[in-house]
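Topology and contacts: notes
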Amino acid sequence: MLNVKKTPADRLIDFVIYAVMAAIMLITLYPFWTQVVISLDGAGVDGAAYASGIVLLPSKLTFGSYKLAFKFDAIWNGYAYTVLRTVLGVLLSIVFTSITAYPLSKRDLPFNKYFTGMILFTMLFAGGTIPSYLLIKELHMMNTIWALVVPGMIGAFNVLIMRNFFRAIPEELEESARVDGAGYLRIFAQIILPLSKPVLATVALWVGVGHWNAWFDSLMYITDPNKQVLQVVLRKIIIQNDTSDITQIIQNIGKNTAYTGRQLQATIVMFSIIPMLAVYPFIQKYFVKGVMIGAIKG
Amino acid sequence: MNDTVIVSGAEARLAGKKRDKAMLRRSKMKKIKQYRVLLLMMVPAIVYYVVFQYLPMYGVLLAFKDFKILKGIMGSPWVGLDLFRTIFHDDYFYTVLKNTLIISLYKLLFGFPVPIVFALLLSEVTNGKYKRVVQTVTYLPHFISWVVLAGIFFSFFSLEGPLNTIIRFFGGNPVLFLADAGYFRSILVITGIFQSFGWGSIIYFAALSNIDPQLYEAAIIDGAGRFKRMFYISIPMLVPIIAIMLILSMSGVLDAGFDQIFNMYNTQVYNVADIIDTYVYRKGIVEMSYSYATAVGLFKSVVALILIFIVNRIVKLIGGKDHALW
C-alpha cells in the first residue's frame, strides 16, 4: 500500500482500534482466566474465603485441587476413551475419506454424478436423532467405541474438500506414472497422497478436534458409565452438578479437605482444556487454511 | 420411390441410433473396466453412506408408524399422519417452535453483524504480529466444547461470579441469571456471540484481504480518509459475501444451537429455552417416544430442506450461479 504520512487524527484512530482489540482479547480470555485462578486459589486451605467475584490472581497459590483431581479415576478413564476415539476416528476418517475422494476426482469416472449426488444429498437431509439412535442400537454398536467413530467417518464436506484438492494436482504427473506402468492404487499411494499432505492434515485436524470435543454421541450411545468420554464425565460433574464421585474420593482420602465443589469443577475444566490450549496456537493457522480451501467452490 | 427413401431413411436413423447406443454402452463398459480399481475404492463409501446415512432416512418412516420395538420398523402398524395431527394439536410443540424461531432470529439479528464489524476493524490494524495475536485469541472459544464453555459460564453468571459482584458493588440485588427466564435468552445470544464471532470473521477477513490494494491507493491519492475508504471500498466489496452469508444462515433458522442450549438450560427456563432439537432428545431418547420424536424431527428436517431450496434460489438470483449451492 501507498506510504502516506499519518495525520494526528489517524494516529488517534489507530490507538483507539488497538485499544478496542486489546479489550476484545481481554473479554475473550477473562472467562478462561477465572477458571485458572479459581482452580489455583489456596485461600480456602487457610479457612479464608475462596476466590470469588472479580478474580485477577489467586490469593495464595496451591496445586492441591489438581492433586486431588489426579486421583479421580473417572477423569483418566474419560481421557483414555477420548484419546482412543480421537486417534481411531482420525485414522479411519482420513483413510476412508481419501479413498472416496480420489475416484470422485476423476471427472469421467462412470457413475460419478450419481456417487457425488448421493454424498451431497446427505448435506441437505438426514434421518435425524431418533432413527440414527435406533440404527446404532439394532447394529449392536451400543456401548462400543465404534458407535463413536463410525457414524461420522466419511463426512460429505471433507470428501468435497479432498476431491477438489486432488483435482488441482496436475494430471501430467499421473499420466507419466501410468506410462511407466503404475496402476491407480500405486499412483494414489505414491503420488497423490504425498502431494496432498496439506489437505490431509487439515481434514485430520478438523476431525480430531471434533472428536476431542464430542459428547452428545457418547451420551446417547454409551450407557456404561465407565466407558464415557471425558466431555461426558465433565458434563456430569459440571453441568449436572453431580459431585458425588468427588465427595466419595475426598472421603476415601479421609482428609477433611477444604476444596469446594466449585474449585474442583474449575480444576476439571482446566484438565480438559489444557491439552487444547497447549496445541491450539500451533495448529490454528491450519484450520484457517482449511476454511479457505473449503470456501473455494469447485 | 419417395416412400422408399423415407422408409429407408427412418430405418437408417433407427439403425444409427441403435449403433450409437451400442457404441455408447461398449465405451461405457470399457470405461468401467478401465476404472474398475477406482470403482472398487468407492465400495466402502457406498456401504457407509447406505448404512449410516440412508438407513436413518428410511427410519424416518417411524413418523408414520406406531412403533413397537419388538416388531421393528417394518412390522409396526401404519398410522398415517396421526402423529402429525397430535403434534399440531400439542400446545407445547408451539412453545418449542416459537422458542426455536425467537432464539435463532435473535442470534441472527445481534450475532450476524458482529463478525463483519470485527473483520473491518481488525483489517485496520497494520501491525501484522498484533493482528495475528488478536486472531489467535478470538478464534479460541470456537475450539472449546459447549460442555466446558457452559461450565465456565455457570461460574461466571453464578451468585458469587464477577457479574453479580459488580451488581452488588453498585448496590443492586444479585440475580440468578441462568435460572431466570427473563435473562436466559439474552445470555444465550451473548455467549453465542462470545463463542463464534472471531471464527465467523474469517470469511469476511479473507474477502477483505482479496481487495485490490490499488483501489485503496487510488482513493488515497484522491484524498479519501480512512473512513471514506471503509465506506466506499471495504464495505461495498463485502456486500456480496454478506448477502450470501445472511441467506445461508436463514436455512439454519430451525437450529437454534442444540449444543449450547442443551448444556446451559435447566427446568426453570424450559418455557423460553426448549427448542425443537432439545425436545426431540428428551421425547425420544429420555422418554422413548420414538415415533413422536421422529415426527417432530422430520418436521424440522423437511422445513430445513425447503428453506435450503428457497435459499439456493435467492442466492442464484442475487449472487449469480457462482455462489449458489448447486
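What you see is a predicted model, and the numbers here were worked out from it, not measured in a lab. (Residues numbered from 1 in each chain as written. Chains lettered and ligands numbered in written order. Predicted model: local features only at pLDDT ≥ 70, side-chain atom pairs only at ≥ 80, totals over all residues. Heavy atoms only, no water.)

Structural notes on the overall build of chain A
Assigned secondary structure in chain A consists of 14 helices and zero strands. Listed N to C, the secondary structure of chain A is α-α-α-α-α-α-α-α-α-α-α-α-α-α in terms of helices and strands. For chain A, the residues scored as buried account for 49% of the 298 residues in total. Across chain A, the fraction of contacts at a sequence separation of at least 24, relative to all contacts at a separation of at least 6, is 72%. Total accessible area computed for chain A in this model is approximately 14,500 Å², and 66% of it derives from carbon and sulfur atoms. (Helix = DSSP H or I, 4+ residues; strand = E, 2+ residues; numbered from the N terminus. Buried < 20%, exposed > 50% of the residue type's maximum accessible area, 1.4 Å probe, protein only. Contact = heavy atoms within 4.5 Å. Areas by Shrake-Rupley, 256 points an atom, 1.4 Å probe, with all protein chains shown as cover.)

Topic: the overall build of chain B
Helix and strand counts for chain B come out as 18 helices and zero strands. Computed over C-alpha atoms, the radius of gyration of chain B comes to 29 Å, more than 25% over the 20 Å expected from 2.2 N^0.38 for 326 residues, which places it beyond the range of a compact globule. A burial count over chain B gives 46% of its 326 residues as buried. Sequence separation of at least 24 residues holds for 62% of the intrachain contacts in chain B that already meet a minimum separation of 6. For chain B, the distance from the average site of its 32 positive side-chain charges to the average site of its 19 negative ones is 11 Å. (Rg over C-alpha atoms; globule rule 2.2 N^0.38 Å. Lys, Arg positive; Asp, Glu negative; His and termini not counted. Charge placed at Lys NZ, Arg CZ, Asp CG, Glu CD.)

Considering the UniProt feature "transmembrane region" (unreviewed entry) in chain A
Residues and elements named next belong to chain A. Here, UniProt's "transmembrane region" (unreviewed entry) annotation points to residues 12-33, 79-102, 114-133, 145-166, 187-209 and 264-283. Overall, residues 12-33 shows 100% helix and 0% strand. The separation of its end C-alpha atoms is 30 Å. End C-alpha to end C-alpha, residues 79-102 measures 34 Å, and it is 100% helix and 0% strand. (UniProt positions renumbered as here; feature names shortened; annotations may be inferred.)

Regarding the interface of chain B and chain A
Counting residues at the interface gives 93 residues for chain B, matched by 95 residues for chain A. In total, about 8,500 Å² of surface goes out of reach between chain B and chain A, with carbon and sulfur atoms giving 78% of it. Ranking the residues of chain B by area buried against chain A places B:M41, B:Y49 and B:F143 at the top, with a combined share of 8%. Linking chain B to chain A there are two salt bridges. The partner of B:R226 in a salt bridge is A:D10, with the nearest N and O atoms 3.7 Å apart. The tally of links from chain B across to chain A stands at 20 residue pairs in polar contact (both at pLDDT 80 or more). Among the elements that line the side of chain B that touches chain A, the one with the most residues is helix α3 (residues 43-59) of chain B, at 14 residues. For the side of chain B that touches chain A, the residue count by class is 68 nonpolar, 17 polar and eight charged. (Buried area = accessible area lost by both parts, 1.4 Å probe. Salt bridge = Lys/Arg side-chain N within 4 Å of Asp/Glu carboxyl O. Polar contact = N/O pair within 3.5 Å; in protein donor to acceptor, adjacent residues only side chain to side chain. Nonpolar A, V, L, I, M, F, W, Y, C, P; charged D, E, K, R; others polar.)

Re the packing of helix α5 (residues 129-138) of chain A against α3(B)
Interaxial distance between α5(A) and α3(B) falls to 8 Å at its minimum, and their mutual angle equals 115°. Helix-helix and strand crossings are classified by hand; for α5(A) and α3(B) the assignment is right-handed. In contact with A:P131, A:S132, A:L135 and A:I136 of α5(A), α3(B) contributes B:V51, B:F52, B:L55, B:P56 and B:G59. The residue makeup of the contact of α5(A) with α3(B), split by class, is seven nonpolar, two polar and no charged. (Axes fitted to C-alpha atoms, helices over the stretch in contact; angles between N-to-C directions. Left-handed = near helix turned anticlockwise from the far one by under 90°.)

Digging into the confidence of the model for chain B
For chain B, per-residue confidence averages 88 on the pLDDT scale, and residues scoring 70 or more make up 95% of the total. The secondary-structure element of chain B with the lowest mean pLDDT is helix α1 (residues 2-34) of chain B, recorded at 73, while helix α7 (residues 113-122) of chain B shows the highest, at 96. (pLDDT = per-residue confidence, 0-100.)

Focus on unusual backbone geometry
If a residue is not glycine, its phi is most likely negative; likewise, a peptide bond is most likely trans. All names here are of chain A. A positive phi angle, near 60°, is found at H140, a position not held by glycine. With respect to the helices, strands and loops of the structure, H140 is situated in the loop between α5 and α6 (146-149). Exposure remark for H140: the relative accessible area of 68% places this residue in the exposed category. Despite not being glycine, N143 has its phi angle at roughly 65°, a positive value. Tracing the backbone through its elements, the reader meets N143 in the loop between α5 and α6.

Looking at the packing of aromatic side chains
Summed over all chains, the structure comprises 55 aromatic pairs over all chains. Here a set of aromatic residues connected by ring pairs shows up, and it is made of A:Y30, A:F32, B:W146, B:F153, B:F156, B:F157, B:F177, B:Y183 and B:F194. It is B:K65 that lies over the ring of B:W78; its NZ or CZ is 4.4 Å from the centre. Its guanidinium or amino end placed over the ring of B:Y270, B:R282 lies 4.2 Å from that ring's centre, counting from NZ or CZ. (Phe/Tyr/Trp six-rings, centres within 6.5 Å; stacked < 30°, edge-to-face > 60°. Lys NZ or Arg CZ within 6 Å of the ring centre and 35° of its normal.)

Concerning a negative patch on the surface
Together, A:D108, A:E171, A:E172 and A:E175 make up a negatively charged patch on the protein surface. Here A:E171 shows up in helix α8 (residues 171-179). (Patch = residues over 30% accessible without salt bridge, like charges linked within 9 Å, V, L, I, M, F, W, Y side chains within 5 Å.)

Things to note about a positive patch on the surface
A cluster of basic residues, B:R13, B:K17, B:K21, B:R25 and B:R26, forms a positive patch at the surface. Relative to the elements of secondary structure, B:K21 occurs in helix α1.

Considering the confidence of the model for chain A
Per-residue confidence for chain A gives a mean pLDDT of 85, with 86% of residues at or over 70. Per-element mean pLDDT across chain A ranges from 66 in helix α13 (residues 244-253) of chain A up to 96 in α6(A).

Here we look at the pattern of salt bridges
Considering all chains together, one arrives at 11 salt bridges over all chains under this definition. Between A:D14 and B:R226 there is a salt bridge, and its shortest N-O distance comes to 3.0 Å. Of the two residues, A:D14 is situated in helix α1 (residues 8-40) and B:R226 in helix α14 (residues 226-250); the pairing between them involves two chains. The exposure class assigned to B:R226 is buried, which follows from its relative accessible area of 10%. A salt bridge links B:D66 to B:K68, with the nearest nitrogen and oxygen atoms 2.7 Å apart. B:D66 sits in the partly exposed class, given a relative accessible area of 34%.

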